[in-house]
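Below are the chains, spelled out letter by letter.
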Amino acid sequence: VWASWRQQPTGLIYPEGLSEGKVTLSCQARASPAATYRWRVNGTEVQVGMDPRYTLVAGNLVISGPQPGRDAGSYQCLAINRCGAIVSRAANLKFGFLHDFPPDVRSPQTAYEGVGTFLACQPPTHYPALSYRWYLNEFPNFLKPEDGRWFVSQLTGNLYLARAEPNDTGNYFCFTTINMDISTKSTFSKANQLTVLSDGGGPGSAPVIKVRFAAETYALSGRTTQLECYAYGNPVPKLRWRKVEGLLPAKAGKSAQSPTLTLPDLSFDDEGLYECEAYNSEGSDTYQGRINVQAQPEWLQVMSDSEVEISSELHWSCVAAGKPRPSIRWLRNGQPLSTQVNGGRLKIVNLALEDSGMYQCVAENKHGNVYSNGELRVQVQAPDFRLRPVRRLVPAARGGQVRMECRPRAAPKPTLFWSRGTEGVSSGRVTVTPDGVLMIHNISRADEGKYTCFAENYLGKANSTGHLSVRDATKITLAPSNADINQGDNATLQCHASHDPTMDLTFTWALNGAPLDLEDPAGPFHRVEGETVGDLLLVNGQLSQAGVYTCTAQTVVDGASSSAKLVVRGPPGPPGGLVVKNVAETSVELRWSRGYDNHSPIGKYIIMGRSTIASDWKRMRTEPVNIEGNAEMARVIGLLPWMDYEFQVIASNILGSGEPSVPSYIIRTQQSAPSVAPSGLGGGGGDRHELIITWTVRENTEYQNGDGFGYTLAFRAKGTESWTLVPIAHVDSSRYVHTNVSLSPYSPFEVKMKAFNRRGEGPFSQIAVVHSAEEEPTGAPASLNATALSAFEIQVSWVSVRQPSPEGILRGYEIRYWRQHEREAAADRIRTAGPGTAARVAGLRPSTRYHVAVLAYNSAGCGPSSPRTTVTTRRPPPNRPPGNVSWRTEGSSVTVRWDPVKALHNESAVLGYKVLYKHEGQASLKVLDQGQTSVKLPLPSDNGYLVLEIRSWGEGGDGAAHETIVSRDSGGPPRDMP
């Protein structure tokens with residue numbers, strides 16, 4: 001007995017030159033008795049026992065030291081047992097290789113700034129396909145094409161540069177990689193030297209598409225296909241893809257705006273014409289090509305195992321789909337069948353025992369093949385009822401009809417006849433079909449009794465008997481009635497019946513001929529229980545549940561049915577045939593056809609839309625504002641020019657809004673002159689003699705209204721009449737720098753701006769005032785004074801410079817300080833903000849002499865320095881905490897004592913002590929004079945504890961702290977903090 005293949009061989013790419021390895025081609029079949037195996041290569045049997053390089057391991061073919069010249073080819077496995085033989089699918093063993101690049105030096109290339117160019121990879125001979133990367137100057141400094149200026153074609157390996165820049169000069173290397181089943185190999189080219197000549201950036205240029213995908217691309221269903229498109233241009237062009245004959249598949253994802261459009265899991269819906277558009281502020285370029293989806297063969301109908309009697313006929317059919325259309329051929333025990341076949345049909349007449357065996361049909365086209373297996377067993381046998389006797393007790397309903405089958409095992413087909421008792425059966429109500437089925441119509445009680453079937457062929461004879469028992473008929477006594485409900489309502493359909501009391505009665509229901517599941521408690525259909533009652537309860541009725549309901553009362557011998565119609569009223573169905581016509585700059589016309597009203601008249605329509613800059617659907621403005629239910633046309637207004645839109649129409653009635661229509665094709669509104677002025681106009685700062693003007697760049701095309709978009713900038717000195725106009729063609733620009741040596745520092749200018757495109761100019765923005773660049777302050781702070789506050793901090797004060805100043809706006813002051821033995825160039829600096837004339841400088845060293853100077857600054861830099869002064873920080877405080885700390889609790893207070901801290905000769909004198917005590921996040925500080933070395937503190941009333949920090953203080957600052965914990969219920973020596 002054959003079951004199926006457990007493993008079949010699969011194709012393999014083996015590295016050329018790897019002579020020490022092995023290749024294993026798998027083959028395992030499920031068969032009883034167990035199968036033996038043979039192999040063919042290119043149709044010739046593999047001599048496993050005669051060539052030591054071949055080994056058979058449980059059906060698997062192992063090839064040692066494979067070599068291209070003698071081992072490459074198409075391999076098939078044959079599995080054989082006493083039932084016959086079947087052949088596996090073909091598996092190709094191929095050899096992969098990647099040769100080195102030629103050693104020849106490559107010719108240098110020159111490009112001009114702002115102009116596109118490419119470097120050719122010229123890969124060496126190889127198999128299979130390569131992947132390509134490029135690196136610059138040294139490995140592994142690989143180029144990253146995220147900014148869009150670079151593109152590496154995975155078809156040719158060439159490196160493309162949309163717009164060259166001077167810093168692109170260098171040596172470029174093409175790096176190729178090949179991936180095989182068991183290894184990977186890479187190699188790189190000689191240097192491609194590129195020199196980019198600077199000419200100030202060059203003028204802008206419209207896109208020109210240089211990398212074009214094929215005009216006709218053939219791809220396999222279920223696979224991934226990629227289309228490449230890349231353009232030169234200045235500014236660097238952006239790319240977008242669209243499907244000319246419909247919506248671009250959503251699975252394209254982000255690749256829809258990249259040089260490589262990727263479509264995974266191709267289906268026939270993806271077939272069609274695709275367009276790549278490259279665009280920048282100077283113009284656009286497009287290219288179109290078609291994707292044709294083809295498919296490997298796939299079975300629609302296959303053969304199955306058959307047991308057929310001798311001398312009869314066998315009919316087998318195999319039907320396969322695929323593109324191109326597959327051809328079908330047949331095999332018997334692994335050998336081709338040329339007679340008795342007609343395409344996908346196999347017919348064998350007058351079957352003989354030797355026709356038994358394993359048969360296969362093979363569907364194939366240029367993309368692959370599929371196999372279907374079937375076993376044929378030709379039978380020869382005398383009549384035998386042991387496996388299929390006549391049914392012993394056959395109940396039947398009075399007035400109905402009954403079938404009594406006679407199906408003995410026999411080959412060839414036997415002669416069949418029936419008898420009742422000792423008499424043959426023959427009357428107008430009793431018939432016997434050619435295949436031996438006894439049929440009795442309009443049954444009565446007189447038909448009860450024993451019936452015997454006799455079977456005979458040339459090998460022998462046999463018989464089998466059954467008893468016919470007549471019962472009362474089943475009848476519907478209360479039939480379901482037609483009903484009419486609103487969506488969401490409940491409905492009950494009644495159904496009662498009478499039946500023979502000796503049998504069980506069951507009720508079933510069907511909707512439009514499809515049986516209903518009445519056992520799911522979470523479902524909408526429920527049974528109303530009763531011995532002769534089969535009512536149906538529908539909960540929360542929906543539009544899809546309208547139709548013809550049929551109740552069937554059934555016993556084992558007969559049944560009766562009755563039907564009723566249920567109407568469900570609900571919101572309208574989706575409108576159909578939505579088309580967009582008369583596309584203008586800010587409006588379009590929509591036409592549609594009415595959908596189903598679902599038994600409630602359509603009251604109105606609304607139109608939804610979305611653009612490429614907003615993914616959510618929103619309600620659109622229309623003319624007329626309110627679209628009546630009998631309308632099939634409306635105009636959408638208030639659209640943006642030169643914007644892609646798609647639309648939906650939704651119908652509604654008194655029961656609610658229905659499903660939206662299928663979205664329209666994406667359309668683009670006509671171009672118009674810009675209608676919105678640029679925003680965010682401002683500027684200022686920069687170097688001497690510069691006027692810098694800035695504005696807000698809009699990231700999307702919402703306000704461009706057309707291609708060829710740019711800006712016109714106008715500015716003039718405040719108080720003058722004439723404007724200077726500057727065209728700015730780069731849509732991504734956000735600033736303009738005007739340089740003039742006669743510009744006075746911090747001079748006010750009036751600035752305005754408007755947008756333009758190929759259709760005209762928009763309105764000017766409101767006038768903004770922008771100042772030219774400031775110059776450094778010319779005045780220096782005076783009366784500088786520096787005072788030591790502690791060992792680590794000083795106070796600095798000065799007299800401010802003159803304000804307002806013609807050089808610009810004072811931002812603050814810069815304090816420079818450096819130790820006596822250091823140079824001023826190494827000074828530390830801090831800056832203040834605003835006009836204040838005093839500041840503290842912290843983080844200094846104790847007992848150190850510092851030089852200090854102060855300078856005024858604005859956005860242009862610092863002015864001249866004040867006369868310097870000097871200051872010496874105080875001696876440091878003692879770095880020892882108070883010692884021998886002890887305490888004693890007295891009721892609700894505690895007295896803490898410690899030994900005094902004595903300063904060394906290089907430390908500042910102790911002037912007193914500070915005690916910081918903390919409890920539950922609250923802290924208090926007590927400052928004591930020099931003579932006090934104890935303090936009385938309150939204890940917490942909640943039996944909690946105090947955390948104490950005790951330190952000395954003096955002119956040099958605070959000394960080191962002693963930390964301890966004090967609690968009401970503790971005594972003895974204190975516990976130090978960890």
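Residues numbered from 1 in each chain as written. Predicted model: local features only at pLDDT ≥ 70, side-chain atom pairs only at ≥ 80, totals over all residues. Heavy atoms only, no water.

## Remarks on the overall build of the protein chain
And step 1. Of regular secondary structure, the protein chain possesses one helix and 91 strands.
And step 2. Within the protein chain, the proportion of its 978 residues that are buried is 45%.
And step 3. Summarising the internal contacts of the protein chain: among those between residues at least 6 apart in sequence, 65% fall at separations of at least 24.
And step 4. When the accessible area of the protein chain is evaluated, it comes to approximately 50,000 Å², of which 49% is carbon and sulfur surface. (Helix = DSSP H or I, 4+ residues; strand = E, 2+ residues; numbered from the N terminus. Buried < 20%, exposed > 50% of the residue type's maximum accessible area, 1.4 Å probe, protein only. Contact = heavy atoms within 4.5 Å. Areas by Shrake-Rupley, 256 points an atom, 1.4 Å probe, with all protein chains shown as cover.)

## What about the packing of aromatic side chains?
And step 1. A full pass over the atoms with the stated rule returns 26 aromatic pairs.
And step 2. Ring geometry for F417 and F454: centres 5.0 Å apart, planes at 10°, overall stacked. One end of the pair, F417, is in strand 42 (residues 415-420); the other, F454, is in strand 46 (residues 449-457), with 37 residues separating them in the sequence.
And step 3. With a relative accessible area of 44%, F417 lands in the partly exposed category.
And step 4. The class for F454 is partly exposed, based on a relative accessible area of 27%.
And step 5. Sitting above the plane of the Y54 ring, R53 keeps its charged end 5.1 Å from the centroid.
And step 6. For the cation-ring pair, K752 lies above F764, with the distance from its terminal atom to the ring centre recorded as 4.4 Å. (Phe/Tyr/Trp six-rings, centres within 6.5 Å; stacked < 30°, edge-to-face > 60°. Lys NZ or Arg CZ within 6 Å of the ring centre and 35° of its normal.)

## What about the UniProt feature "domain: Ig-like" (unreviewed entry) in the protein chain?
And step 1. In the numbering used here, UniProt assigns the "domain: Ig-like" (unreviewed entry) feature to residues 9-94, 103-189, 207-292, 297-377, 383-469 and 474-567.
And step 2. Within residues 103-189, the helical portion is 0% and the strand portion 41%, while the C-alpha atoms at the span's ends are 8 Å from each other.
And step 3. Along residues 297-377 one finds 0% helix and 64% strand; the C-alpha atoms at either end are 28 Å apart. (UniProt positions renumbered as here; feature names shortened; annotations may be inferred.)

## Structural notes on the side chain of T225
And step 1. When you line up the elements, T225 lands in strand 23 (residues 225-228).
And step 2. For T225, a relative accessible area of 9% translates into the label buried.
And step 3. Residues within four places of T225 in sequence aside, it is in contact with T217, A219, L261, T262, L263, L266 and I291.

## Things to note about the UniProt feature "domain: Fibronectin type-III" (unreviewed entry) in the protein chain
And step 1. If you check UniProt for "domain: Fibronectin type-III" (unreviewed entry), the listed places come out as residues 574-672, 677-775, 780-876 and 878-973 in our numbering.
And step 2. Helix makes up 0% of residues 574-672 and strand 51%, whereas the separation of the span's terminal C-alpha atoms amounts to 34 Å.
And step 3. Here residues 780-876 runs as 0% helix and 49% strand, with 34 Å between its end C-alpha atoms.

## Looking at the pairing of strand 65 (residues 644-653)
And step 1. Counting buried residues along strand 65, 10 of its 10 residues qualify, which places the element largely inside the surrounding structure.
And step 2. Covered by surrounding structure in strand 65 are D644, E646, Q648, I650 and S652 together with Y645, F647, V649, A651 and N653, the residues of both alternating faces.
And step 3. Here eight bridges tie strand 60 (residues 604-611) to strand 65, and the two strands are oriented antiparallel to one another. Counterpart to S611 in the pairing with strand 65 is Y645.
And step 4. Judged from the two bridges that link them, strand 65 and strand 67 (residues 667-668) form a sheet pairing that is antiparallel. (Pairing = 2+ DSSP bridges.)

## Focus on the sheet that holds strand 68 (residues 682-683)
And step 1. Judged by pairing direction, the sheet is antiparallel, and its three strands sit side by side in the order 68-69-72 without closing on themselves. The open sheet has two edge strands, strand 68 and strand 72 (735-739), and neither has a second partner.

## Points about the state of the cysteines
And step 1. Taken as a whole and assessed by the stated rule, the structure comprises six disulfides.
And step 2. Sulfur-sulfur distance for the disulfide between C27 and C77 comes to 1.9 Å. What sets the handedness of the C27 and C77 disulfide is the S-S torsion sign, and at about -70° it is left-handed. Here the residue C27 occupies a position in the loop between strand 3 (22-25) and strand 4 (28-31), and C77 occupies one in strand 9 (residues 73-81), the gap between them amounting to 50 residues.
And step 3. Owing to a relative accessible area of 0%, C27 belongs among the buried residues under this scheme.
And step 4. In this model, C318 is linked to C361 through a disulfide, with the two sulfur atoms separated by 1.9 Å. (Disulfide = S-S within 2.5 Å.)

## Some words on the sheet that holds strand 32 (residues 327-332)
And step 1. Pairing is mixed across the open sheet formed by five strands, whose spatial order is 29-37-36-32-33. Looking along the sheet, the strands with just one partner apiece sit at the ends: strand 29 (306-309) and strand 33 (335-337). Going across the sheet, the axis of each strand differs from the next one's by a mean of 35°, ignoring polarity.
And step 2. Both strand 36 (residues 357-365) and strand 37 (residues 368-379) contribute to a ladder of nine bridges, which runs antiparallel. (Axes fitted to C-alpha atoms, helices over the stretch in contact; angles between N-to-C directions.)

## Some words on the environment of S664
And step 1. The residue S664 is located in the loop between strand 66 (656-657) and strand 67 in this model.
And step 2. Classification of S664 as buried rests on a relative accessible area of 1%.
And step 3. Look past the residues within four positions of S664 in its chain and what remains in contact with it is L247, L578, V580, E646 and F647.

## Focus on the environment of V244
And step 1. The topology assignment puts V244 in the loop between strand 25 (238-243) and strand 26 (260-263).
And step 2. With relative accessibility at 30%, the residue V244 sits in the partly exposed group.
And step 3. V244 sits 29 residues away from L273 along the chain, and the two C-alpha atoms are 5.5 Å apart.
And step 4. Once residues within four sequence positions are removed from consideration, V244 is found in contact with L273, Y274, E275 and Q288.

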